[in-house]
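A look at the structure
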Amino acid sequence: MKILVCIKQVPDMESRFKPDASGVWYAETDLAFRVNEYDEYAIEQAVLLKEQLGGEPEVTVLSIGADRVVEAIKKGLSMGGDRGVHVQDAAAHLKDSWQVASIIAAYAAGEGFDLILTGLQSQDRGSAQVGVTVAELLDYACATTVVGFGYADGTVTVKRELEGGVKGTVRLKTPAVVTCQLGLNQPRYPTLPNIMKAKKKEVRVIPVAELLHQDQRVAPCEFRAPAKKGSAVVLEGELADQVDRLIGILKDKTAVLR
Amino acid sequence: MKLLLIGECREGKLLEYSYELFGFASQAGAETAMLIVGGEGALPGYGGTVYLADAGKYGEYNPDLHKRLVQAVVERERPDYVVFMHTSYGWDLAPRVAALLKVPQVSEVVALAEGGGFERPCLSQKMRQVVKPKGTPVVLTLQGGAFPALVPGGTPQVQPIDAAGEGRLEFLGYEAAARKGVDLTKAEVIVSVGRGVGKKENIPVIAELARVLGGEVGASRPVVDSGWMDAGSQVGVTGQTVSPKLYVACGISGAIQHLAGMKKSGFIVAINKDKEAPIAGVADVLVVADVMQFVPALTAKLAK
Ligand SMILES: Cc1cc2nc3c(=O)[nH]c(=O)nc-3n(C[C@H](O)[C@H](O)[C@H](O)COP(=O)(O)OP(=O)(O)OC[C@H]3O[C@@H](n4cnc5c(N)ncnc54)[C@H](O)[C@@H]3O)c2cc1C
Ligand SMILES: Cc1cc2nc3c(=O)[nH]c(=O)nc-3n(C[C@H](O)[C@H](O)[C@H](O)COP(=O)(O)OP(=O)(O)OC[C@H]3O[C@@H](n4cnc5c(N)ncnc54)[C@H](O)[C@@H]3O)c2cc1C
């Protein structure tokens, strides 16, 4: 069995974001990068399945992006992936979701993956398109927003999370794409020995030009902070003073403090 | 301009938020037609054309067939936009339709921008981008709550619609939401734990504030996912929707899915070390502080 996990490296969401020179996306200066949260569940699910099947499946971890994404791939390998693929693209951020999916599909087409795991969405762009589009391009079955996963004999049974906490159970045959939702499992922390081992695992580098044959369908034209809609009173400064001011406001504005 | 709106049915009923599609259409000033995979019982209060595919035949969740149904209606109506809600149904089906029609998709639209652009959130709702699709029709998904629900009124002209093809997914059934623990919808005060609280061991500190305020303890989703608290305490789209007199968000960033569950609260206090956190957009008071320093100090003072 061959499993592909697609992971994206995204900035820490607690950062402050400023437009870059082009004015259509964020500047990377001073940002720390990490693995997209949703994709950590995808990696964990692949490794859990590998363990369930006695180590037989081979888990490939792929990321498209600048050289910094190798860090993300290494994390995937230290969680238990077998080999990495780095689709090298210093301008990955200029591709739309359609092009990113087409790159992944172009790579996967010749590889015969039985299962492709992606995140439901990325934290930075959040289109929730890439996984489904990869499935459409490869003509694989696909289930999205998955919070429960089971596999036996070429059949995948998943729980999809719907609104209001309702779930829908769906069965599909491999080859398949599954997009992973938060809470699917408990992503493991890489141990030091596994981090050391990951350093020796192969990471194949493929220049993006070899895989990209599609034009952009959505052009970015603006990037900015949302119009301030809130009118929150902001309390900063000394802790004791903040406490007193908050209690004063609560007494004034709510009926909960007597 | 013409829009094809894709309604959404669950267990035979049209989901309420499908009416937000009409709110969007009215802002766009466009003509509309709707597609629903459902039954007669799911028809909206709307005087336009509704293409109705039989859910008995096509299933409520069978995207391989539903995308063909959308394609069939697109061929008849030639819409400029094909519009879904950004929901578990919409974000699942929309990219399949876009791929089949070989057209652009813009996800989670929150506003129409000048010159045919669409405004959408990025970086976990902290920022906005405006994008322009190249080609038509454009497939759109709309963020829940971004456009007002609107019931146009009237009785639809129903057109049956069919499509050929095989579905590769076998839908086995729905599972109701887990509802254990306290009923937060009745609480007058809720103090909610977010990931910013740091670790499970810190939760009693937050619970103590809730106790002193005479309230219950709620949670954001990651807190539930990592097993710090029960699923019953989760507030948000996939948890409970609450509207207490006072809601205190401790170390919660304010993702749209969390806000959907608490923004109607009477008074909202957010405690966050990040002044830019999106929760500030709905809060009445934002305390910029380390939650594990501020909360014990507040509790101590209140307990006096
Ligand atoms: C002008 C412009 C500038 C941009 N600048 C940046 C930038 O500086 N940095 C940046 O990160 N993005 C940037 N983006 C966004 C980036 O191009 C999109 O992230 C990309 O189109 C993928 O779509 P998505 O993130 O919406 O994927 P989604 O559909 O939301 O992601 C779903 C899943 O697809 C997989 N996936 C997505 N992207 C990758 C990837 N690169 N490698 C492997 N798997 C992946 C993951 O499994 C992910 O969970 C920019 C976009 C534009 C238009
Ligand atoms: C389909 C779908 C459904 C979802 N449903 C829900 C739902 O029902 N409910 C829900 O809550 N989420 C839901 N989510 C998840 C949601 O998108 C967010 O990931 C989640 O709400 C984030 O939780 P958080 O704010 O606790 O964590 P984070 O986003 O990680 O935020 C932590 C916050 O704590 C602050 N912080 C960190 N340390 C400190 C400190 N020491 N002192 C003070 N502040 C600190 C940070 O500045 C940050 O703002 C859903 C997601 C999807 C895709």
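Quick summary incoming for the structure in this document. From a predicted model like this one, the values you see are computed outputs, not experimental measurements. The residue count restarts for each chain, going from 1 along the sequence in the order it is written. In the order they appear in the text, chains get letters beginning with A and ligands get numbers beginning with 1. A pLDDT threshold of at least 70 governs which residues receive local features in this predicted model, and a stricter bar of 80 or more applies before side-chain atom pairs are shown or counted, although totals over entire chains, interfaces and linings include all residues. In computing side-chain properties, one takes all heavy atoms of the structure into account and sets aside hydrogens as well as water.

1. Overview of the overall build of chain A
Counted only if it meets this: The secondary structure listing takes helices from DSSP runs of H or I that are at least 4 residues long and strands from runs of E that are at least 2 residues long, numbered from the N terminus. Throughout this description, buried means an accessible area under 20% of the type-specific maximum (1.4 Å probe, protein chains only), exposed means over 50%, and partly exposed covers the range between. We call two residues contacting when some pair of their heavy atoms lies within 4.5 Å. Reported accessibility uses the Shrake-Rupley method at a 1.4 Å probe radius. Residues are deemed covered only where the shown protein chains occlude them. Two residue types count as positive, namely Lys and Arg, and two as negative, namely Asp and Glu; His and chain ends fall outside the count. By convention, the point assigned to a charge is CZ for Arg, NZ for Lys, CD for Glu and CG for Asp.
Scanning chain A for helices and strands turns up six helices and 13 strands. C-alpha extents for chain A along the principal axes are approximately 65 × 45 × 40 Å. Considering chain A as a whole, with its 258 residues, one finds that 55% of them fall into the buried category. In chain A, of all internal contacts separated by at least 6 residues, the share reaching a separation of at least 24 is 71%. Surface exposure of chain A reaches about 11,000 Å², of which carbon and sulfur atoms provide 51%. Considering chain A, the positive charge centre built from 31 side chains and the negative charge centre built from 34 side chains are found 3 Å apart.

2. Re the packing of helix α6 (residues 239-253) of chain A against helix α8 (residues 291-303) of chain B
Condition: Orientation is described by lines fitted to C-alpha atoms, with helices fitted over the stretch in contact, and by angles between N-to-C directions that extend from 0 to 180 degrees. In what follows, roughly perpendicular refers to angles from 65 to 115 degrees, roughly parallel to angles under 35, roughly antiparallel to angles over 145, and oblique to any angle outside these ranges. In this scheme, a crossing is called left-handed if the near helix is turned counterclockwise away from the far one by less than a right angle; it is called right-handed if the turn is clockwise. In this classification, Asp, Glu, Lys and Arg are treated as charged, Ala, Val, Leu, Ile, Met, Phe, Trp, Tyr, Cys and Pro as nonpolar, and every other residue, Gly included, as polar.
At a minimum axis distance of 10 Å, the contact between α6(A) and α8(B) shows a crossing angle of 55°. On the basis of their axis angle, the class for α6(A) and α8(B) is oblique. Between α6(A) and α8(B) lies a crossing of right-handed hand. Counted together, Leu239(A), Gln242(A), Val243(A), Asp244(A), Leu246(A) and Ile247(A) of α6(A) and Gln293(B), Phe294(B), Ala297(B), Leu298(B), Lys301(B) and Leu302(B) of α8(B) form the full contact between these two elements. Taken together, the residues that form the contact of α6(A) with α8(B) break down as eight nonpolar, two polar and two charged.

3. Overview of the sheet that holds strand β12 (residues 218-224) of chain A
The condition that has to hold: One bridge is not enough; two strands pair if DSSP finds at least two bridges between them.
Sheet architecture is open: four strands sit in the order β12(A)-β10(B)-β9(B)-β8(B), paired in antiparallel fashion. Of all strands in the sheet, those with a lone pairing partner are β12 of chain A together with β8 (111-112) of chain B, marking the two edges. Here strand β9 (residues 118-122) of chain B runs beside strand β10 (residues 127-133) of chain B; their pairing, made up of five bridges, is antiparallel. Bridging across to β10(B), Phe118(B) finds its partner in Val131(B).

4. Looking at the site of ligand 2
Applicable threshold: A molecule or strand has a residue near it when one of that residue's heavy atoms lies within 4 Å. Polar contact criterion, stated in full: a pair of N or O atoms within 3.5 Å, where within protein one must be able to donate a hydrogen and the other to accept it, and residues adjacent in sequence count only if both atoms are side-chain atoms.
Close to ligand 2 lie 32 residues, the nearest being Ser220(B), Val235(B), Thr238(B), Ser253(B) and Asn272(B). Residue neighbours of ligand 2 fall on chains A and B, so the site bridges chains. Gln234(B) has a polar side-chain atom sitting 2.8 Å from an oxygen atom of ligand 2. Considered on its own, ligand 2 offers 980 Å² of accessible surface; in the complex 90% of this is hidden by protein. Elements with a contribution of two residues or more to the shell around ligand 2: α6 (221-225) and α7 (256-262) of chain B. Considering only residue class, the shell around ligand 2 consists of twelve nonpolar, 14 polar and six charged.

5. Notes on the site of ligand 1
Residue and element names in this part refer to chain A. The local shell around ligand 1 holds 33 residues, among which Lys8, Trp25, Asp39, His93 and Lys95 are the closest. In this structure, histidine 93 approaches ligand 1 through a main-chain N or O atom, which is 3.2 Å from a nitrogen atom. In this structure, an oxygen atom belonging to ligand 1 sits 3.0 Å away from a main-chain N or O atom of alanine 128. For ligand 1, whose unbound accessible area comes to 940 Å², protein coverage reaches 97%. Of all the secondary structure elements, the ones that give two or more residues to the shell around ligand 1 are β4 (58-65), α3 (97-109) and β6 (115-119). Of the residues contributing to the shell around ligand 1, the split by class is 14 nonpolar, twelve polar and seven charged.

6. Regarding the interface of chain A and chain B
The criterion, for reference: Once two parts are brought into contact, the accessible area they lose, counted with a 1.4 Å probe and summed over both, makes up the buried area. We count a salt bridge whenever a side-chain nitrogen from Lys or Arg sits within 4 Å of a carboxyl oxygen from Asp or Glu.
If you look at the interface, chain A gives 81 residues, while chain B gives 81 residues. Here chain A meets chain B over a buried area of about 6,900 Å², counting both sides, of which 56% is carbon and sulfur. In terms of surface lost to chain B, no three residues of chain A exceed Glu136(A), Glu163(A) and Arg217(A), which account for 10% of the buried area on that side. Across the chain A-chain B interface, the total number found is 14 salt bridges. Put simply, Glu119(B) and Arg224(A) hold a salt bridge, and the shortest N to O gap is 3.0 Å. Summed over the shared surface of chain A and chain B, the result is 45 residue pairs in polar contact (both at pLDDT 80 or more). For the side of chain A that touches chain B, the secondary structure elements donating two or more residues are α1 (37-52), α4 (130-138), β7 (141-152), β8 (155-161), β9 (167-173), β12, β13 (233-235) and α6 of chain A.

7. What about the pairing of strand β16 (residues 246-250) of chain B?
Residues and elements named next belong to chain B. Most of β16 sits out of view: five of its five residues are buried. In β16, alternate side chains face the same way, and those of Leu246, Val248 and Cys250 on one face and Tyr247 and Ala249 on the other are all buried. Where strand β14 (residues 189-193) meets β16, five bridges bridge the pair, whose relative direction is parallel. The residue bridging valine 191 from the neighbouring strand is valine 248, located in β16. Two strands pair when backbone bridges link them, and β16 and strand β17 (residues 267-272) are joined in this way by five bridges, in the parallel orientation. Bridge assignment links tyrosine 247 to a residue of β17, and that residue is isoleucine 268.

Fair warning: the whole summary comes from geometry, so function is off the table for now.
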